Amino acid sequence: MEAYLTAQTSCAILRLGRQDEWLHLGKSGRNRIDFDEMPSSKWWLPVIDELSPYIILDDAHPLCALVPDRRYRSKDNQIRTTVCSKPMPMGSFLSVELDDSNRMYAIESPALSFVRMAQHLERAMRKSGPNKLSLIQARTLLLDYGCELCGKYARNPIDPWHANCNFEVTPITTPREILDWCSAPEVAGMRSITFARRCATELPAMAASPAEALLDIFFTSPPELGGMGLPKSQVLVNQTLRLDDHQKSLVHRTPLTPDIRFEDLGLVLEHQGSGHADSDQFREDASRIQDYGALGYDVFTTSSDDTKTPAAFDAFLMRFVSWIEHEHGPDAAAPYQTILGNQHYKDARSDLVSTLIERNLDPWAPDSIKN
């Protein structure tokens, strides 16, 4: 094994592997850090040379690697080493093989990567000054990363916050798998494992885009943490409708899978991303709205304009709650109106929404992860 990659380096390779077939990810039978051969004093230099064409590796993005003990730690600016001397649960690493290379690397499994981000975020919560994160910000960033790992999209490995995502990819893990890993006896005393485990229990699954993840995180988060407080069982993301023969005869095609479905409200939320601009997609969207109407669902559509700024998102929420009042009466809308009008909840909501919309907080930033 040439190197065990961790943190932002491992994350970038994982994202790359979800979009490029020439980078081969596989299961690894290793559960502890152990070099096949005694490495040289500058063992990481060939690793940097080989990975640099594919991901950013510089002073702001040093190579992040795990080492078995302090002998292999380095203060060189090109590398950031973390000692990992204890055995981990099986399934903690994935093997990575590059085309045209005889080197084999290991990256952290999605569950371990999720916990690693939890460690960085908790450390940032303990900081003082401009790099300090609130609990809401840290939790939101961790849930957002979990949505990506359990969802059908992968962020860009070079510019994850602003470049286009890779869509329609296979989810690489599930909330259950992350929670099981976090509950393994081998990690009982691991730093930030409690924070990671708590967030894993709150993870949505199967979001197809960052916009869907934002909506899901918001609607299912408690009001004191910036959300609307709906149970996960009432906010169904990309879950195919089960139709009887008569219902199937009414719709244009099956399967019919709403972006988000509020079953108790009889409402479907469809996000119209950039791919909805061409004429074929316009006809498809019109057909789906007809189909939902025939099945008894109202349809609310959102677009990038609704998630452009926190103010735009608040305006969308006012329209959403107004719809509830018209369709279900003042009593049904009152709890939502109370949440929107409460100043404490407003401040929390601003913290949550601005974290995902303004995208100026990098969870892997070096300033937030210094040992």
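Refer to the structure printed above.
A. Structural view of the overall build of the chain. Of the regular secondary structure elements, the chain holds 12 helices and 12 strands. Expected size for 371 residues packed as a compact globule is a radius of gyration near 21 Å; at 22 Å, the chain falls within 12% of this value. The principal-axis extent of the C-alpha atoms belonging to the chain is close to 70 × 45 × 35 Å. By the burial criterion, 51% of the 371 residues in the chain qualify as buried. Sequence-distant contacts in the chain: of pairs separated by 6 or more residues, those separated by 24 or more amount to 68%. Accessible surface, the chain: about 17,300 Å² in total, of which carbon and sulfur atoms supply 48%. The average position of the 38 basic charges and that of the 51 acidic charges among the side chains of the chain differ by 9 Å.

B. Fine view of helix α1 (residues 7–17). The element α1 is largely enclosed, with a buried count of 11 among its 11 residues. Of the residues making up α1, those classed as buried are A7, Q8, T9, S10, C11, A12, I13, L14, R15, L16 and G17.

C. Highlighting unusual backbone geometry. Following T254, the chain continues into P255 via a peptide bond in cis, with omega recorded as 0°. Mapping P255 onto the fold places it in the loop between α8 (245–250) and β10 (260–262). Within the chain, M206 stands out as a residue other than glycine whose phi angle is a positive 70°. One non-glycine residue, N238, lies in positive phi territory at about 50°. Checked against the element boundaries, N238 lands in the loop between β9 (235–237) and α8.

D. Representation of the packing of aromatic side chains in the model. Enumeration according to the criterion identifies 13 aromatic pairs in this entry. Seen from their ring centres, F219 and F262 are 5.0 Å apart, and the 75° between their planes marks the pair as edge-to-face. Pair noted here: F219 is in helix α7 (residues 210–220) and F262 is in strand β10, with a separation of 43 residues, a long-range link. Judged by its relative accessible area of 1%, F262 is buried. Residues F313 and F316 carry aromatic rings whose centres are separated by 5.7 Å and whose planes lie at 50° to one another, so their mutual orientation is tilted. Residue F313 and its partner F316 are both found in helix α10 (residues 310–328); the two are separated by three residues, about one turn of the helix.

E. Region of the structure containing the sheet that holds strand β11 (residues 267–272). Strand order in the open sheet made by the four strands is β9-β10-β11-β12, with mixed pairing throughout. Only two strands of the sheet have a single neighbouring strand rather than two, namely β9 and β12 (298–303). For this sheet, the mean angle separating the axes of adjacent strands, direction not counted, is 25°. For β9 and β10, the ladder comprises three bridges, and the chain directions are antiparallel. Paired with V235 across the strands is F262, a residue of β10.

F. Fine view of helix α2 (residues 44–51). For α2, the set of buried residues is W44, V47, I48, E50 and L51. Each buried residue of α2 lies within a common arc of 165° when the element is viewed along its axis, so the set occupies one face.

G. Inspection of the pattern of salt bridges at higher detail. Inspection of the entire model under this criterion finds 15 salt bridges. K42 is the salt-bridge partner of D76, the closest N and O atoms lying 3.3 Å from each other. One end of the pair, D76, is in the loop between β3 (63–67) and β4 (79–83); the other, K42, is in the loop between β2 (23–27) and α2, and 34 residues separate them in sequence. With a relative accessible area of 23%, D76 lands in the partly exposed category. In this structure, the salt-bridge partner of K308 is D305, at a minimum N-O distance of 3.2 Å. Its relative accessible area of 55% is what places K308 among the exposed residues.

H. Structural context of the environment of T201. Note that T201 resides in helix α6 (residues 193–201). Not counting residues up to four positions away in its chain, the partners in contact with T201 are L179 and K232. At 2.6 Å, the side chain of T201 and the backbone oxygen of R198 are in polar contact.

I. How the structure looks around the nonpolar core. Membership of the largest hydrophobic core comes to 105 residues, with the highest contact counts inside it found for W181, F219 and F262. Beyond its immediate sequence surroundings of up to four residues, F262 is in contact with F219, L230, Q234, V235, L267, L269 and F320.

J. Structural detail: the sheet that holds β3. The six strands are arranged β2-β5-β6-β1-β3-β4 in an open sheet whose pairing can be described as mixed. Looking at the sheet topology across the chains shown, the edges are occupied by β2 and β4. Adjacent strand axes in the sheet meet at a mean angle of 35° when their direction is disregarded. Across two bridges, strand β1 (residues 3–5) lies against β3 in antiparallel orientation.

K. Fine view of the state of the cysteines. Counted under the stated rule, the structure contains zero disulfides. For the unlinked cysteine C150, the closest cysteine sulfur is that of C147, found at 7.4 Å. Residue C150 is classed as buried on the basis of its relative accessible area of 1%.

Cut-offs applied
Going along each chain's sequence as written, the residues are numbered from 1 onward. Residues qualify for local features only when their pLDDT is at least 70, as the model is predicted, and side-chain atom pairs are given and counted only at 80 or more; totals for whole chains, interfaces and linings, by contrast, use all residues. Note that water and hydrogens are dropped before the side-chain values are worked out from all heavy atoms of the structure. Note on conventions: DSSP H or I runs of at least 4 residues are helices, E runs of at least 2 residues are strands, and numbering of each starts at the N terminus. Computation of the radius of gyration draws on C-alpha atoms, with the globule rule given as 2.2 Å multiplied by the number of residues to the power 0.38. A simple rule labels every residue: compare its accessible area, found with a 1.4 Å probe on the protein chains alone, to the largest value its type can have, and call it buried under 20%, exposed over 50%, or partly exposed in between. Contacts: residue pairs with any heavy atoms within 4.5 Å of one another. Values of accessible area rely on a 1.4 Å probe in the Shrake-Rupley scheme; residue burial ignores everything except the protein chains shown. In this tally Asp and Glu are treated as negative and Lys and Arg as positive; neither His nor the chain ends contributes. Taken as the charge location is NZ of Lys, CZ of Arg, CG of Asp or CD of Glu. Stacked, tilted and edge-to-face pairs are distinguished by plane angle, under 30 degrees for stacked and over 60 for edge-to-face with tilted covering the rest, among Phe, Tyr and Trp rings (Trp via its six-membered ring) whose centres lie within 6.5 Å. Pairing between strands is defined by DSSP: at least two bridges between them are needed. To define axes, lines are fitted to C-alpha atoms, for helices over the stretch in contact only, and angles between the resulting N-to-C directions are given on a 0 to 180 degree scale. Note that the arc is computed from the directions linking the helix axis to the C-beta atoms. Whenever Lys or Arg places a side-chain nitrogen within 4 Å of a carboxyl oxygen from Asp or Glu, that contact is recorded as a salt bridge. Pairing of N or O atoms within 3.5 Å defines a polar contact, subject to two protein rules: one partner must be a possible hydrogen donor and the other a possible acceptor, and residues neighboring in sequence count only if both atoms are side-chain atoms. Nonpolar cores were defined as sets of buried Ala, Val, Leu, Ile, Met, Phe, Trp, Tyr and Cys residues, with membership established by side-chain atoms within 4.5 Å. For the purposes of this analysis, a disulfide is any pair of cysteine sulfur atoms at a distance within 2.5 Å.

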